[in-house]
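A closer look at the structure
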Amino acid sequence: NNGQARPLPQPSLAEVLKRAGYATGAVVSLAVLRREFGLDKGFDHYLENFAPHLWYRSAEEVNRDAMALTDRLRGGRSFIWIHYSDPHEPYFPPGGAERFTVSRGSEVLYRGSSRQQPVLRLALDLAPGTTEITLETEPPALLGADGFTGVAFSDLEVKAAGTGIDLEPSADLVRRDERYGRVTLQTAATRSSLRLTPRSGRPCRAELTFKYQVKTSGEAKRLGYREEVRYLDAELGRFLDHLRRAGIYERSLFLVLGDHGEGLGEYNGHFGHIHYLNKVYTHVPFILSGAGVRPRGTRPALVSNLSVAPTLLARAGLRRPKSMAGRDALAGADPKLFLETYSPEAYFDSFATVHFPWQVIFHPGRSERQLEFYDLGRDRHGTVDLQARPDPSGRRPELVNSVLRVSRIITASKRRQGRFDRKTMDTLKSLGYL
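These lines cover the structure that appears in this document, whether it is placed above or below. (Residues numbered from 1 in each chain as written. Predicted model: local features only at pLDDT ≥ 70, side-chain atom pairs only at ≥ 80, totals over all residues. Heavy atoms only, no water.)

**Re the overall build of the protein**
For the protein, the helix and strand inventory stands at 8 helices and 21 strands. For 434 residues, the compact-globule estimate of 2.2 N^0.38 gives 22 Å, and the C-alpha radius of gyration of the protein, at 24 Å, lies within 12% of that figure. In terms of principal-axis extent, the alpha carbons of the protein reach across some 70 × 60 × 45 Å. Looking at the 434 residues of the protein, the share that counts as buried comes to 48%. Here the analysis covers contacts within the protein between residues at least 6 apart in sequence; of these, 67% occur between residues at least 24 apart. (Helix = DSSP H or I, 4+ residues; strand = E, 2+ residues; numbered from the N terminus. Rg over C-alpha atoms; globule rule 2.2 N^0.38 Å. Buried < 20%, exposed > 50% of the residue type's maximum accessible area, 1.4 Å probe, protein only. Contact = heavy atoms within 4.5 Å.)

Here it is as structure tokens:
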């Protein structure tokens, strides 16, 4: 799960290349990839540079570091991992002048883009009596007249040492209970208020905490996602142009891939990822191009992200460590894949076996439809469940036994979730993982 340190006892790709004389560098855009979680192993340079209250970086911000890093390492052989978060929730490309403002009278406590999802911790000096805090949103213009559906303030609370604080939301704010005892206040209004009253009747120092998020319609999410794809495409073009000007492009090898897919309402009306293992959430780009790679078009073979390290090591003429389970993507396909997603990030534990084109998904936490069966060759998004129909593959019992067996092994060895520090909790909330 995100937020857990990742012990990596086996050699990482960056370590293998570093030992072979490569300079290694990384630029990351999500705070769940911070070096403290262990993913910096083998990197000479590991660039994060997150702004206050924010736990993701735009492609433009990533490019600034990536261009500087490629210039710095251009003199010799190098391996660079560049991590972009666009496109991703929140479904807004960067830019726009729309603001979210928190104020007390004429005093502005916070002002930032309404397109972002900050987790705010605002220090307040409260006088005796009642203080009113105003929360004001300018909806992103991208949404148009019908795309904006409201604002959510998640995990909203106010605390002060030595005294309780009475919190009275304005009438438009409606309470909604969520997972893990969390509470969200939602409103369809663009202007709301909170009335804070210390019970002690004395001045006190308090902290107001919440995650802010603009809520949108499904169609607005799809529009925003398309715009984010266009935005990233333009930023990738800027980065490649920089490599051309620097004389690096023609002698570089590129492997471009996604770490997860994204659902836009195709399955159970769900937007996002994490919770499900259907094709729409797990089918990702895997594009190899550049020096030493002959163009071959699109290959229909089954390949996974396990193939990243072996494929790059093969291109570098290096032997992969035996601990790497994947294979060189140009040498052959993966005959079978195992997929998993589990709580507390996901709604429930889920496991899947893919023996292309067939997929079995097992949801042990469900009271019904625990098993699903899909034909990925015919089903574009992997959302038409064939479990209750005759078996067209002749392989369903074998695949079911496989996923049940491996899920038991995974569940038995699953690490217990430890307590997160405040910084990690803010990160996971901001990114929608909790």
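So much for the structure itself; the text now carries on.
**Details of helix H2 (residues 59–72)**
Between its first and last C-alpha atoms H2 spans 20 Å; for 14 residues at 1.5 Å apiece the expected length is 20 Å, and the two agree. Taken together, the buried positions of H2 are Ala59, Val62, Asn63, Asp65, Ala66, Met67, Leu69 and Thr70. Those residues of H2 that are buried are in contact with strand E1 (23–27), strand E2 (45–47), strand E3 (78–82) and helix H4 (218–245). (Expected span 1.5 Å × (residues − 1).)

**What to know about the sheet that holds strand E6 (residues 119–126)**
In space, the 5 strands of this open sheet follow the order E6-E13-E8-E11-E10, with antiparallel pairing throughout. One side of each edge strand has no neighbouring strand; the edge strands of this open sheet are E6 and strand E10 (174–177). With direction set aside, neighbouring strand axes in the sheet form an average angle of 35°. With 4 bridges connecting them, E10 and strand E11 (residues 183–187) associate as antiparallel partners. Paired with Asp177 across the strands is Val183, a residue of E11. (Pairing = 2+ DSSP bridges. Axes fitted to C-alpha atoms, helices over the stretch in contact; angles between N-to-C directions.)

**Points about the packing of aromatic side chains**
Under the defined criterion, the tally for this structure stands at 18 aromatic pairs. Residues Phe43 and Phe79 carry aromatic rings whose centres are separated by 6.1 Å and whose planes lie at 20° to one another, so their mutual orientation is stacked. Here Phe43, found in the loop between E1 and E2, pairs with Phe79, found in strand E3; they are 36 residues apart in sequence, far enough to count as distant. With respect to burial, Phe43 and Phe79 carry one shared label: buried. Look at Trp358 and Phe373: their rings are 5.7 Å apart centre to centre, the planes differ by 10°, and that puts the pair in the stacked class. Separated by 15 residues along the polypeptide, Trp358 in strand E20 (residues 358–362) and Phe373 in strand E21 (residues 371–375) bring together distant segments of the chain. The two residues Trp358 and Phe373 agree in class, both being buried. Taken together, the ring pairs in this structure connect Phe100, Tyr110, Phe153, Phe210 and Tyr212 into an aromatic cluster. (Phe/Tyr/Trp six-rings, centres within 6.5 Å; stacked < 30°, edge-to-face > 60°.)

**Here's the deal with the nonpolar core**
Judged by nonpolar contacts, the single largest core of 29 residues is most densely connected at Phe100, Val102, Phe153 and Phe210. If you list the elements that add at least two residues to this core, you get strand E4 (99–104), E6, strand E7 (131–137), strand E8 (148–160), strand E12 (191–198) and strand E13 (204–216). Once residues within four sequence positions are removed from consideration, Val102 is found in contact with Glu107, Val108, Leu109, Tyr110, Leu120, Leu122, Ile133, Thr134, Leu135 and Phe210. Judged by nonpolar contacts, the second largest core, of 23 residues, contains Ala14, Leu17, Leu313 and Leu428. (Core = buried A, V, L, I, M, F, W, Y, C linked by side-chain atoms within 4.5 Å.)

**Description of the side chain of Ser252**
Positionally, Ser252 belongs in the loop between H4 and strand E14 (253–257). Residue Ser252 is classed as buried on the basis of its relative accessible area, which comes to 14%.

**Concerning the pattern of salt bridges**
Scanning all chains against the criterion turns up 27 salt bridges. Across the pair Arg199 and Asp166 runs a salt bridge whose closest N-O atoms are separated by 2.8 Å. One end of the pair, Arg199, is in the loop between E12 and E13; the other, Asp166, is in strand E9 (residues 165–169), with 33 residues separating them in the sequence. Residue class for Asp166 comes out partly exposed when judged on its relative accessible area of 38%. (Salt bridge = Lys/Arg side-chain N within 4 Å of Asp/Glu carboxyl O.)

**Things to note about the sheet that holds E12**
The 5 strands lie next to each other as E5-E4-E7-E12-E9, forming an open sheet whose pairing is antiparallel. Either end of the sheet is taken by a strand with one partner, and the two such strands are strand E5 (107–113) and E9. Neighbour-to-neighbour, the strand axes of this sheet turn through a mean angle of 15°, independent of strand direction. Sheet topology places E4 next to E7; 4 bridges connect them, and they run antiparallel. The partner of Val102 across the bridge, within E7, is Leu135.

**Points about the environment of Thr298**
Summarising the element assignment, Thr298 is placed in the loop between strand E17 (286–290) and helix H6 (308–315). Along the primary structure Thr298 and Ile287 are separated by 11 residues, whereas in three dimensions their C-alpha atoms are 9.0 Å apart.

**What to know about the packing of H2 against H4**
Interhelical geometry of H2 versus H4 gives an angle of 15° and a closest axis separation of 10 Å. The orientation of H2 relative to H4 falls into the category roughly parallel. For the crossing formed where H2 meets H4, the hand is right-handed. Within the contact between the two elements, H2 uses Ala59, Glu60, Asn63, Ala66, Met67, Thr70 and Asp71 and H4 uses Tyr231, Leu232, Glu235, Arg238, Phe239, His242 and Leu243. (Parallel < 35°, antiparallel > 145°, perpendicular 65-115°, else oblique. Left-handed = near helix turned anticlockwise from the far one by under 90°.)

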